[in-house]
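# Geometric and topological summary
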Amino acid sequence: MKLSEIKSELKKLSQIAFQLPDGELVPSHFHVTEVGKITKHFIDCGGVVRTEEVANFQLWEANDFDHRLHPEKLLHIIELSEEKLQIPDLEIEVEYQMKETIGKFDLQFDGTNFQLLSKLTDCLAKDKCGIPLEKLKVKIGEWKVKENSSCTPNSGCC
């Protein structure tokens, strides 16, 4: 989800809820303690120099159980961050304190809740690092001859 998309959705909402990948909601008394731009400048295992940028939201909760962040307040925080930090319309990454470490999540909206989606690592230079491509796995008995194949059982081509 990009900044423009969250701003559009916030304008339609009367309350904000973030949902974790396991379906649990982030407690409603959460704070957004940071909105910023993170730039990652790195070299992949194939030797290619890369740069990635994301807009970063940090969700945090304290013991102020009556606190509620209203959509218009978060919209104001986002717009102020865009202006002061010159943040373009970037994809959003959300940080949230998990039990033992900070979790990083992608973000999407399901019409009701902002969903925190698990992120995965991946190799960006698979053609250079020697990992074989996965082969198509077919169970015996499920393989079917292509209809336009000229080699069929009893055709004598094999």
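This text follows the structure it describes.
The structure reproduced in this document is the subject of the present report. Just so it is clear, the model here is predicted, and its values are computed rather than measured.

Secondary-structure assignment places valine 32 in strand S2 (residues 31-43). A sequence separation of 25 residues divides valine 32 from phenylalanine 57, and the C-alpha atoms of the two residues are 6.6 Å apart. Not counting chain neighbours up to four residues away, the residues in contact with valine 32 comprise Gln58, Leu59, Leu69 and Leu74.

This paragraph deals with the packing of helix H1 (residues 3-10) against helix H2 (residues 71-85). Relative orientation of the contacting elements H1 and H2 amounts to 150 degrees, with a least axis distance of 9 Å. In terms of orientation, H1 and H2 fall into the roughly antiparallel class. Relative to H2, H1 is oriented so that their crossing is left-handed. Side by side, H1 and H2 meet where Leu3, Ile6, Lys7 and Leu10 of the first sit next to Pro71, Leu74, Leu75, Ile78, Glu79 and Glu82 of the second.

The subject of this paragraph is the packing of aromatic side chains. Going through the model one piece at a time under the given rule, you end up with 3 aromatic pairs. Seen in terms of ring centroids, phenylalanine 18 and phenylalanine 30 are 5.2 Å apart; in terms of plane orientation they differ by 85 degrees. Their pairing is edge-to-face. Highlighted residues: phenylalanine 18 in strand S1 (residues 18-19) and phenylalanine 30 in the loop between S1 and S2, separated in sequence by 12 residues. Phenylalanine 30 carries the same exposure label as phenylalanine 18, and that label is buried. Site record: aromatic cluster; members linked through ring pairs are Phe18, Phe30, Phe109 and Phe114. Against the face of phenylalanine 42 rests lysine 40, its NZ or CZ located 4.8 Å from the ring centre.

In an α-helix there are 3.6 residues to a turn, and that puts residues three or four apart on one side. For H1, the set of buried residues is Leu3, Ile6, Lys7, Glu9 and Leu10. Angularly, the buried residues of H1 cover 165 degrees about the axis, an arc narrow enough to put them on a single face. Where H1 is buried, its residues meet strand S3 (49-60), H2, strand S4 (92-97), strand S5 (102-109) and strand S6 (114-118).

Between its first and last C-alpha atoms H2 spans 21 Å; for 15 residues at 1.5 Å apiece the expected length is 21 Å, and the two agree. Restricting attention to buried positions, one finds in H2 the residues Pro71, Leu74, Leu75, Ile78, Ser81 and Glu82. Seen along its axis, H2 keeps its buried residues to an arc of 125 degrees; they face one direction. H2 presents Glu72, Glu83 and Lys84 as exposed residues on the side facing more than 90 degrees away from its buried surface. Those residues of H2 that are buried are in contact with H1, S2 and S3. A positive backbone phi angle near 55 degrees is found at glutamine 86, which sits one or two residues after H2.

Spatially, the 6 strands line up as an open sheet ordered S1-S6-S5-S4-S3-S2, and their pairing is mixed. Pairing within the sheet leaves two strands with one partner each, and these edge strands are S1 and S2. Sheet topology note: the S5/S6 ladder contains 5 bridges and is antiparallel. Bridge pairing links leucine 107 to leucine 116 in S6. Sheet strands in contact with H2 are S2 and S3, and its direction is about 40 degrees off that of S2.

Conventions adopted
- Residues numbered from 1 in each chain as written.
- Predicted model: local features only at pLDDT ≥ 70, side-chain atom pairs only at ≥ 80, totals over all residues.
- Heavy atoms only, no water.
- Helix = DSSP H or I, 4+ residues; strand = E, 2+ residues; numbered from the N terminus.
- Contact = heavy atoms within 4.5 Å.
- Axes fitted to C-alpha atoms, helices over the stretch in contact; angles between N-to-C directions.
- Parallel < 35°, antiparallel > 145°, perpendicular 65-115°, else oblique.
- Left-handed = near helix turned anticlockwise from the far one by under 90°.
- Phe/Tyr/Trp six-rings, centres within 6.5 Å; stacked < 30°, edge-to-face > 60°.
- Buried < 20%, exposed > 50% of the residue type's maximum accessible area, 1.4 Å probe, protein only.
- Lys NZ or Arg CZ within 6 Å of the ring centre and 35° of its normal.
- Arc of directions from axis to C-beta.
- Expected span 1.5 Å × (residues − 1).
- Pairing = 2+ DSSP bridges.

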